[in-house]
Structures are given as C-alpha cells and as structure tokens.
Amino acid sequence: MNSAITKLIPAYLLAIALLVLPLSAQTWQSYTDINHIYSVLATPEYIYLGALGGIIQWDGENAMSIYNNLSGLAGLKVSSLAKSSDGKIWYSTSEGGIGYISSSTLPSSTQFMENGFGINQIVVDEAVLWVATNKGVSLFNPIGGNQIGEIKETYLKLGDFPYETNCRDILLLNDSVYVATDKGIAKAPRDYLAHNLLDPSSWQNITTEFIIYGLFYLYDKIYAGTEDGLYSIIGDSLTEEALSTYSLNEGIVYNDTFFVYGGSGVFKQGTTSWSRVNVRDLPYQSSNGLAVLNGELYSFHSRGYTRYRNGELKGYRFNCPIGDYFQDFAVDGSGKVWSCGRNNSLSFYDGFRWTSLTSLPFNFSSFPYLYQFPTTRVYTLKADHQGRIWCGSWGDGAFVITNPDSFYTITDTTSPLEPAAGEHYVIVSDIERDAQGNMWLANYGAPATALVVYPKADIESTEPTVYSISSTGITNSEIYCLELRGNYVYIGFKESGLLRIDHKGSIDNPDDDSYRYFTTSDGLPTNTINVLEVDSAGNLFIGTDGGLAKLPAGFDIIEEEILPSDFPLQITALLIDSWGNLWVGTPGGVAYKSSEGTEFQVIRSFYSTYAEYEQKQGLLSDMVYSIFEDVNTGAIWFGTEGGISRLAVGGGEMSKLSVDIYPNPFYVEYGEGNLVRISGVPSDAIVRIITVDGKVVREFPGGSAGYSGIITWDGTNREGNFVSAGIYFCQVVSRKLGGQVIKFALIR
C-alpha cells in the first residue's frame, strides 16, 4: 500500500483493510449430461464435442476442457461446430446462440435467439457463416471483438418450399450452396453478392416426402442422409444409394472404408453390401457423429461415445450426471448430494465424481459409476433420519435406497399405495419427513388413498397410516406438493388450492384431525399449488401458477408476496435457506430476498435475452424446477431444464474475500448514467462509499447485493447529488464474514 495514501485512511478503515478474513466465495459450477452429444468437429489436435450444456475439447484420452455457460455459452444444446480459416472454433446452439472459443471463454451472440431462431448447423465460408435455422437460412457476418458479428441476411422462403421451412444442414460446393430441409433440398448460387437470394426464385428445389438430415461430398458425389436411407444428388433429382428405411445423417471415409451414421446406427460399406457396426455397452445403436483422431475412429451418441475396435464400437462415458429437467435434490447420511429429473435421471455427487442409477439397458459391468435401477421416472427425493434416500416416481411407486445397488420397492402390491391409472401405475408426487422422522407420501391420482405415512420411516415392521379420501377431510388425491411443520400438514393441490391438516400429534388416528382449505376466495393467486415452504417462524410460503403468497404463522389470512415486475408468476421452486433467505424459482430465473432485506434480487442465465446486465449470473438456464441447500457445505443447488447449477455461498467452503471495483478510475459525466460495479460482495454485507476524511457519502444496506454479489453506484450521494472528484474508499462489512476496504478514484 502506498504510504502517502495510508496516512489518509482513518484508523478504523485501515484496521479492516489489513484483516485477512475468511469469506464464502460466491462461486458457480455447472453440471450437465455431457454424454448427450449432438455435434462433432475433428481437428489434427483435438476432437470438439457439442454436448448438452457444453463444448468439450478432448485429446481422445484423458485431457479435456469443458466450455459451458460459465464460459459464456449461449444456450444448452450445442447443435454444430465449425473451424474458420483463422483457426477459430465456432459453435451454435439449438436455442439460437452463436459464438467461438477464445482462450477460456466463449464470446457469443444471441441475435438469432432474440429473433426466435434456433440454429441447426453453421458452415464457414470465406467472409461469412452460413447458418441453417429452424426458419430458413441466414448469413452471419463475423466482426470480431466484443460484438462477435451480425446477421447479414435471412432467407425465409427457399424456392417453392413453405415459408420458414426447417433447415437442417448446409453444403458449400464450388459455386453452389445446398440446403437440407424437412421438405427436400434447396440449391442456390453461392455468390450472395451477385445474386439476390432473398428472392425465392433464386432457389431451386428437389422436393421429397421425407426429411433430409445431412449433406456431404465424397467420391466426387453429393450424398444426402435422410430418414429413408442414403441418397445421392444427380442433376436435379435424388437417386437412392443404399440402406432404405434407415435414418441417416452423414458419412466419412476411414481406412478406405465408407462409413455413414444416423438415428439407425453406424453402417459401413463392404464389397457387395452395407452392414451395421455393432455398438457395445451403450443402450442405443444411434449415432450423432463420427470423427477420426490419431488414427482412431470414434462415434458419438446420446449416452456416451465409442471407439472402433475389431470391427465394432466399444462404449465409454464421461463422468457427469445423467438426464435433464432436474426436479429435486436430497443429501444422504454420508453427505452425498442426490438429484433426480424427468429423463433417465437419478445421480449422486460425492464431491469428486458422479454416480448414476438408470433403467436404460447399459452393460453395467463396463461402467463402475453406473448402476441398474427399476425406473427412469423419479420425481421427488427425501432423506430419512437414517440417511436413506426415498424416491417418489411418476408411475413406478416409491423406492428406499440404502446403497446404489440396494433398495426397497414400495408399490401397490407391497403397501397401501394405489394405482392412478392402469395396472400398477402408482404415482408418488411428493415425499416429506416430519420432525419425528415419519415419512409422508402423496399418492397422486389414486381413487381412494391420498396420503400414506410410514412411522419413523419403518418400511418393514410397522403398519403405515393411510389418509383416505372417503374417511378424512381430503377431497381428492391430485396432490402436487406437501410441507410439514409441527402438527400441521400442508397439502398443495393441482386445482383445489391449499389444505392445512392439524393431526394434533397423533398420525395413527386421522379421525381427530382438523381440516382447513384455502382457495382464491381466501386470497390465493390461483388454486394450482406447485410448491410449499415453511420458514423457521412457521410462516408458509405458497408457490402457485399465478404468483407467490404467504400464510403467516397463527393466522388464516393469505398475504401476497410482491415479486419483481418483470418476473414470471408461475412459481416452480421455493427454498428458505439456513440464513432465512428466500429463493424463488420460475421459468424465468430465480428471485432471491435476504432475510434482512425487503426487495427481491433477480438471478438469470448469461444468455437470457430479457435479463438486465446485473441479473446475468451463473445460472445454467432460466427454467428452474428445484432449489436446494446442502446444509453440510452451505451450497445452493438449482435444478434446471438442461442440468444443475451449484452456488457455493455458505459455511464449509471458505475463501478470502475478494471484492473488486470496475472501472477504476471511475469517470462520471452529468446525466450520462455511468455506473461503477462493485462485485464479490457478500449477500448480507453493508457497503459504504467513504471520503478520505471518513465521511460516508453513500450506504447500501445489507442484502443489497443479494447472491449476485454485485452492487452498482452512479456516483451520487444520499441526496442524489453527484459527489466531488477525488479518492474514495469502498468499505464492505459482512456481519457474518468480515470485511474489506478498496481504494478507488472518481474523475470528472
């Protein structure tokens, strides 16, 4: 520290500045199913894989780098990859993102996304990128720098094809551009400057009754991979080549052998016929790409990748969770975090690696971190007092897991649970544990049973208690969610509002219970209750399809919770963490309110097209299904449509406080709305702007930064007047975690 400056710092500020204090770093991590691979690009050094939630740069062995939303990825499904003449690796996403790899980041553009275009393929030309979208073909002009590029032209009508036909692939060959579409193949002159491609008549069509998935050039011939086999373009028509009725994309030559791949698998051409190359160990034969690296042929799939050895494809997997649309979390007795989702998703994380359980037909002996499980439809999770994980499924009943390969099944044949529809189709929509260790199961859609309660989580020797529709005050079993506190059982229904049951401490005798319904006539925003959460004071927060409400402890009056004006009203997740902070999940991001604050902060994904700058954080996707706190580490977990986000914010994950100010120096111009950005601020911290003589000119109360960790200042004092130019200090003080002082200059 400069000694001349030190003399100007008040003693109390200097003391804080010299402290070395631990602080929970607000660090985001993302976990996605990177074994779900959509696109492939091979270079002499690496194979690049476009997967769910990330781009993998892989050397074919052990070295790999992953670029995801924290790197700047705009979207979830990486639909295509391409290399330009200047060495850039470009990418696109199905959601409409486009960008390239630059060191450890992904400079990206959301122009297509903002205009409602999803991208299926990008192809590099000399000065532009040709982009196949779900609505036609666009030219993207790379600019460089922070702007990435801009859409130059968009062709929505390709000849006689319908307006905004889905375009899947593009082939540039000599003077022509060929486009694979759902209606056939479109062809136009490649020189877009000399020809008006906006004019539909500039495009020629080869109309088909089947979808064209891919186009490629081999052996002096243009091939088309279709949903009905392999074709070639001869003149103005398609000629069938081979593999009729098989779904195919593209092909390559490896060791002088012609290989093609697609939804029906990988095939190779023999001397007289084609044959399928068998995929070992993985559940499906389908392939999304072939690539050659270091003389080896690889195939990439929706559940892993394979190496071509001895005439077949041997399966392998990257370590990651399985599935997407993550619905719930729980922590077992050994501290492992479990997650579940809609698509084949049941996994746990031990702090180092992921282990998954699935009913997909893998060869489980080939994968040490993969276990067989009876269902892929796990919907809800809860740990009992023994640390076992209880799973509720949509159609297969419930399960109690003691080890990855050991579990107990609860169905209509082993319990009072009833099928909702069809034989043995048992839905357990939610599971909760009360303070006495009793496990409550919601039997959604059952004709007579609404709740089944296992006293002390005993699944073998104690008869469970049944809350039936006919003998209690529960009117139907369309139960979306449960919440328990003391003698109260709160039930959220699909369309019947909220029910509060007071069981008076005797769960084995439902006859003495009292029942109180709450509906829109009592102040609920809607009668569809998606999620419930009780705070330490007994206040019940109610997430509905039309907003957030609260039932204060000891009262029967519903209060509205006011959310930010630009925030969705459909509430999909709620959490009150150990600090008393409230988290609200929606299809449009997360709202967070500190226990000491009065206003919500909004957290959204980096690529959110409607988010303000300070709202863009490390959230994987704005579509949030679940929020969970791991009380062992203080980390907050978010289940989203594309994967899992983890925010390290609490005790157990300590690091030194690292507050930063940008820009420094801060140039202020009257009326220009310039802002200084103070980042790395703890969620509960008070932030003060202080002159060199110790005068506080501006103070931001605790909770102002929220879990974004960011505060912005416009250079004004408490009265709204601009402060004078000079040296200032930013003092950050956290009641729980310490403080820091940073010097900065304000210049006019």
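Check the entry above for the structure.
Worth saying up front: this structure is predicted, and the values here are computed from it rather than measured.

Any chance you could explain the overall build of the chain here in plain terms?
Assigned secondary structure in the chain consists of 3 helices and 69 strands. The C-alpha atoms of the chain give a radius of gyration of 29 Å, which matches the 27 Å a tight globule of 748 residues would have. With the principal axes as the frame, the chain shows a C-alpha extent of 80 × 80 × 50 Å. Of all 748 residues assigned to the chain, the portion counted as buried reaches 56%. Look at the contacts in the chain between residues 6 or more apart in sequence, and 47% of them connect residues 24 or more apart. Working note: accessible area of the chain is about 30100 Å², and carbon and sulfur atoms make up 46% of it. Side chains of the chain give 48 positive and 81 negative charges; the mean places of these two sets differ by 6 Å.

What exactly am I supposed to notice about the environment of E227 here?
Relative to the helices and strands, E227 resides in the loop between β20 (221-226) and β21 (229-234). Judged by its relative accessible area of 32%, E227 falls in the partly exposed class. Through-space distance from the C-alpha of E227 to that of S429 is 38 Å; in sequence the pair is 202 residues apart. Among the polar contacts made by the side chain of E227, one reaches the main-chain amide nitrogen of I211 at a distance of 3.0 Å.

Would you mind going over the side chain of S80 with me for this structure?
By the element assignment, S80 lies in strand β7 (residues 78-83). We classify S80 as buried; its relative accessible area is 1%. Of note is the side chain of S80, whose polar atom sits 2.5 Å from the side chain of S92. Among the polar contacts listed, one links the side chain of S80 to the backbone nitrogen of I122, at a separation of 3.1 Å. Each residue touching S80, except ones within four places of it in the same chain, is listed here: S39, W90, Y91, S92, N120, Q121 and I122.

Thresholds applied
- Residues numbered from 1 in each chain as written.
- Predicted model: local features only at pLDDT ≥ 70, side-chain atom pairs only at ≥ 80, totals over all residues.
- Heavy atoms only, no water.
- Helix = DSSP H or I, 4+ residues; strand = E, 2+ residues; numbered from the N terminus.
- Rg over C-alpha atoms; globule rule 2.2 N^0.38 Å.
- Buried < 20%, exposed > 50% of the residue type's maximum accessible area, 1.4 Å probe, protein only.
- Contact = heavy atoms within 4.5 Å.
- Areas by Shrake-Rupley, 256 points an atom, 1.4 Å probe, with all protein chains shown as cover.
- Lys, Arg positive; Asp, Glu negative; His and termini not counted.
- Charge placed at Lys NZ, Arg CZ, Asp CG, Glu CD.
- Polar contact = N/O pair within 3.5 Å; in protein donor to acceptor, adjacent residues only side chain to side chain.

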